[in-house]
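Residue-level structural notes
Residue-level listing of the chains:
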Amino acid sequence: MLIDRHHRVADYLRIAVTDRCNLRCTYCMPEQGIQYVPREEVLSWEELLRISRIFADLGISKVRITGGEPLLRRDIMFFIQGLAEISGINKINLTTNGTVTEKYLDDLWKYGVRTINLSLDTLDKAKFKKITRRDEFDTVIRCFGRMIKMGFRVKINCVVMSGVNDDEIESFVRLTENLPVSVRFIEEMPFNGEGKEEGHLEWSYIKILQHIKDKFEAVEKLEDPQNSTAYNYTVKDYKGSFGVIAAYSRTFCGSCNRIRLTPQGSIKTCLYDSGIFNIKQLLRAGATDQELAFAIQEAVSGKAKDGFQAELLRSNGKPVSESMSTIGG
Ligand code: SAM
Ligand code: SF4
């Protein structure tokens, strides 16, 4: 088992398989000048499967595939099929922007993926283009419809931005009236690759929740799954639900069960740390599975108490500003 010194058990690995993306969401990336990780620096599928097997032996049972846009990477289904075959991994989830996803839905279902997080910050086509700097709204909405029809459990990730989409919080909650979807309102974090001017958090989870309660009379609290980052609610008699994620306020660190692996092999035990060690370097230097497992255990045991401590301890001494596409969310 992977246990840290604050007695938290890590059983959830989030793998960002690429830092490349076909959208340019303003809160995630600058419009231009992005330096992608050179291909030879990105972990190969074989390396990723080997690392995943080691993690599974250490007690990881749930994996999320993310990026960048994970489905842009060639032969992604080879990887997902391989993951599905690893004993001990019993849940594979995906986070995607929905632009190239539709053609993979049958295969995803075949390999056991049942929950998909779809990033969608607006229900308005023109606004979508402004936020993502690309004109892909119709494709994403069509994909969303198909996911629901096929029976995927869909969670919509919606980053709440002041003066951009805060007028749509109510519409997103209304979407859950007849659709079995969970809309998750996420606090905006400064992981934008410095593509956005430094702001302050206007829409905290508390404010988002209060705003919804002011608009809807019958908001009911749902029981949160163990290790949930979202506080979950529903409106009485609505088919779906909504959640608020205090990603910037960092209220959920006490029950954190997550480890992150970046495309170039950096292991992060907290979203806000700058990477604890690079597993690719060890692996390519010829380390055995046992040595890799030991390095992972060491990293996890030293996990910071919370995201504030992790940010303070960053090796460059600077607060976070890297693009979320290099981490995976
Ligand atoms: N490209 C895929 C997508 O957008 O779903 C997967 C990777 S994306 C980095 C993962 C999640 O991170 C998305 O749901 C996105 O909304 C979220 N995200 C990116 N930048 C963020 C930021 N600055 N603050 C909060 N959430 C962010
Ligand atoms: Fe791409 Fe996802 Fe970042 Fe948007 S949030 S730019 S879709 S990686």
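Attention here is on the structure that accompanies the text. (Residues numbered from 1 in each chain as written. Chains lettered and ligands numbered in written order. Predicted model: local features only at pLDDT ≥ 70, side-chain atom pairs only at ≥ 80, totals over all residues. Heavy atoms only, no water.)

Once that is clear, we can look at the overall build of the chain. Secondary structure summary: the chain contains 10 helices and 14 strands in total. Computed over its C-alpha atoms, the radius of gyration of the chain comes to 19 Å, within 12% of the 20 Å expected for a compact globule of 329 residues. Over its C-alpha atoms, taken along the principal directions, the chain stretches across nearly 55 × 40 × 40 Å. Here the chain holds 329 residues, and 55% of them are scored as buried. Across the chain, every contact between residues at least 6 apart in sequence was considered, and the portion connecting residues at least 24 apart equals 73%. With an accessible surface of roughly 15200 Å², the chain has 48% of that area assigned to carbon and sulfur atoms. Of note, the chain has its 46 positive side-chain charges centred 2 Å away from the centre of its 44 negative side-chain charges. (Helix = DSSP H or I, 4+ residues; strand = E, 2+ residues; numbered from the N terminus. Rg over C-alpha atoms; globule rule 2.2 N^0.38 Å. Buried < 20%, exposed > 50% of the residue type's maximum accessible area, 1.4 Å probe, protein only. Contact = heavy atoms within 4.5 Å. Areas by Shrake-Rupley, 256 points an atom, 1.4 Å probe, with all protein chains shown as cover. Lys, Arg positive; Asp, Glu negative; His and termini not counted. Charge placed at Lys NZ, Arg CZ, Asp CG, Glu CD.)

Turning our attention to the pattern of salt bridges. Going through the model one piece at a time under the given rule, you end up with 21 salt bridges. Among the salt bridges present, the one from Asp273 reaches Lys268, with a minimum N-O distance of 3.7 Å. With respect to class, Asp273 is no different from Lys268; both count as buried. Across the salt bridge formed by Arg314 and Glu322, the nearest N and O atoms sit 2.9 Å from each other. Residue Glu322 is classed as partly exposed on the basis of its relative accessible area of 21%. Each of the salt bridges in this network shares a partner with another, and the network as a whole consists of Lys125, Asp135 and Asp138. (Salt bridge = Lys/Arg side-chain N within 4 Å of Asp/Glu carboxyl O.)

Approximately 630 Å³ is the volume found for the second largest pocket. Together, 24 residues line the second largest pocket, and Pro190, Glu197, Glu198, Gly199 and His200 are the ones closest to its centre. Of the residues that constitute the lining of the second largest pocket, the class distribution is 10 nonpolar, five polar and nine charged. (1 Å grid on protein atoms, 1.4 Å probe; cavity = no way out; pocket = protein on both sides within 12 Å on 5 of 7 lines; lining within 4 Å. Points joined across faces, edges and corners; volume = space filled by probe spheres on them. Nonpolar A, V, L, I, M, F, W, Y, C, P; charged D, E, K, R; others polar.)

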